[in-house]
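Geometric and topological summary
Single-letter residue listing:
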Amino acid sequence: MKISKVLASLLLLGGIGITGTMIGSAETQVQAESFVYPAIVQIHSTHGVFHGADINQGNAPFESLKAWTSWQVTDVRIDLISRSIWLRVSSDGWIEYSLNDHASDTLIAEMKNTVSKTSLSQGNLNGLVTGIQTPDYNQVKTLTRTPVVDRPGSTKVVRQLPAGTRWRTPYDARKPLITKNDDTPVYYQIATNQWVESKYVQDAYTGVSLAYDKKLQVYRFNPATLTMVPTRQLPAHSAWRFSGIYAKTYQGQHYYLIGNNEWADNGTQIDW
């Protein structure tokens, strides 16, 4: 379940063109400064290879790389549409990096370095990267008294929002996923130099029907502890619509708002 909107542009950090070496095979658009070998990635599934200019442009990959092959990476790039990491495996062939792939320590270090540079260049902290959103801004609702900070990752509180206020969010910021423990909060921008952390707010997402094939555990959000407290169970094979999503972190457990402070978690089987 994706809680961040699909974003629409990318940041090219500049790199050099080098013919890639097959140790496996994959292409995708990613770019940073070139780095020291060995920088190897073993891909866990078939990867499409894209020209750098084709990343997220709707164009089909020009090649496919087989699963469980290894490739030498010469460049790293962050796509600001989705905060994805792309790896260059040939002169202009790029693959999208997955957490299920196996990257060398050199490559992981370079990906983290690229994320850190991008984050700092945007004025953010802790590797949080602001993506570029579409004009139809998202909306969040505060679930409790919410501190507003001056930038993603900051502890400098500029004001407090009361519970129940709604805000349009032209941008959000999160950390591109490099290793499985890289999960971090999402920050939403509500005004210039004003950001709120995801653990305080409900992310707007409506109009999707859910049907469950087993009993549905329902929770109540406790604003004092920012936790979900189990309350009751709903019958199996019941259909519901949700009007919001709550998740403290990007990869964390998601809860769907199905009633008045009644939330269902994403551990239950969902039939979309």
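Please read these numbers as outputs of a predicted model, since none were measured by experiment.

What follows covers the overall build of the chain. Within the chain, the secondary structure is distributed over one helix and 25 strands. Out of the 272 residues belonging to the chain, those deemed buried represent 50%. Within the chain, counting contacts between residues at least 6 apart in sequence, those at least 24 apart form 65% of the total.

Residues Val41, Ile85, Leu87, Ile95, Leu107 and Met111 are the most contacted members of the largest nonpolar core, which totals 23 residues. Among the elements of the structure, strand E6 (75-79), strand E7 (84-88) and helix H1 (105-121) are those that each provide at least two residues to this core. If you tally residues by element for this core, the top one is H1, at four residues. When neighbours within four sequence positions are excluded, valine 41 is seen to be in contact with Thr69, Ser70, Trp71, Val73, Leu87, Ile95, Tyr97, Asp101, His102, Ala103 and Leu107. Grouped together as the second largest cluster of nonpolar side chains are 21 residues, Leu99, Val148, Leu161 and Val201 included.

Looking now at H1. The end-to-end C-alpha distance of H1, which contains 17 residues, comes to 24 Å, matching closely the 24 Å that a straight helix rising 1.5 Å per residue would cover. Every buried residue of H1 is accounted for by Leu107, Ile108, Glu110, Met111, Thr114, Val115, Thr118 and Ser119. Residues of H1 that are buried in the fold lie against strand E2 (40-42), E6, E7, strand E9 (102-103) and strand E10 (129-130). Taken from the residues just after H1, glycine 123 is the one with a positive phi, measuring 85 degrees.

Let us now look at the sheet that holds E6. Strands sit in the order E6-E7-E8 across an open sheet of three strands; the sheet is antiparallel. The sheet is open, and its two borders are formed by E6 and strand E8 (94-96), each paired with just one other strand. Direction aside, the axes of adjacent strands within the sheet are offset by 30 degrees on average. The pairing of E6 with E7 spans five bridges and is classified as antiparallel. Paired with valine 76 across the two strands is leucine 87, which belongs to E7. With respect to the sheet, H1 is in contact with E6 and E7, its orientation differing from that of E6 by roughly 45 degrees.

The buried count for strand E20 (residues 216-222) comes to six of seven residues, which makes it a mostly enclosed element. Of the pairings in the sheet, the one linking E20 to strand E21 (residues 227-234) comprises six bridges and is antiparallel in character. Bridge pairing in E21 links asparagine 222 to threonine 227. Where E20 folds back onto E21 in an antiparallel hairpin, the turn is made up of four residues, including leucine 226, whose phi is positive at roughly 55 degrees.

Before going further, it helps to examine the pattern of salt bridges. The tally for this structure, following the rule as stated, stands at four salt bridges. Linking arginine 83 and aspartate 172 is a salt bridge whose minimum nitrogen-to-oxygen distance equals 2.9 Å. One end of the pair, arginine 83, is in the loop between E6 and E7; the other, aspartate 172, is in strand E15 (residues 172-174), and 89 residues separate them in sequence. Neither residue differs from the other here; arginine 83 and aspartate 172 are each classed as buried.

Rules and cut-offs
- Residues numbered from 1 in each chain as written.
- Predicted model: local features only at pLDDT ≥ 70, side-chain atom pairs only at ≥ 80, totals over all residues.
- Heavy atoms only, no water.
- Helix = DSSP H or I, 4+ residues; strand = E, 2+ residues; numbered from the N terminus.
- Buried < 20%, exposed > 50% of the residue type's maximum accessible area, 1.4 Å probe, protein only.
- Contact = heavy atoms within 4.5 Å.
- Core = buried A, V, L, I, M, F, W, Y, C linked by side-chain atoms within 4.5 Å.
- Expected span 1.5 Å × (residues − 1).
- Pairing = 2+ DSSP bridges.
- Axes fitted to C-alpha atoms, helices over the stretch in contact; angles between N-to-C directions.
- Salt bridge = Lys/Arg side-chain N within 4 Å of Asp/Glu carboxyl O.

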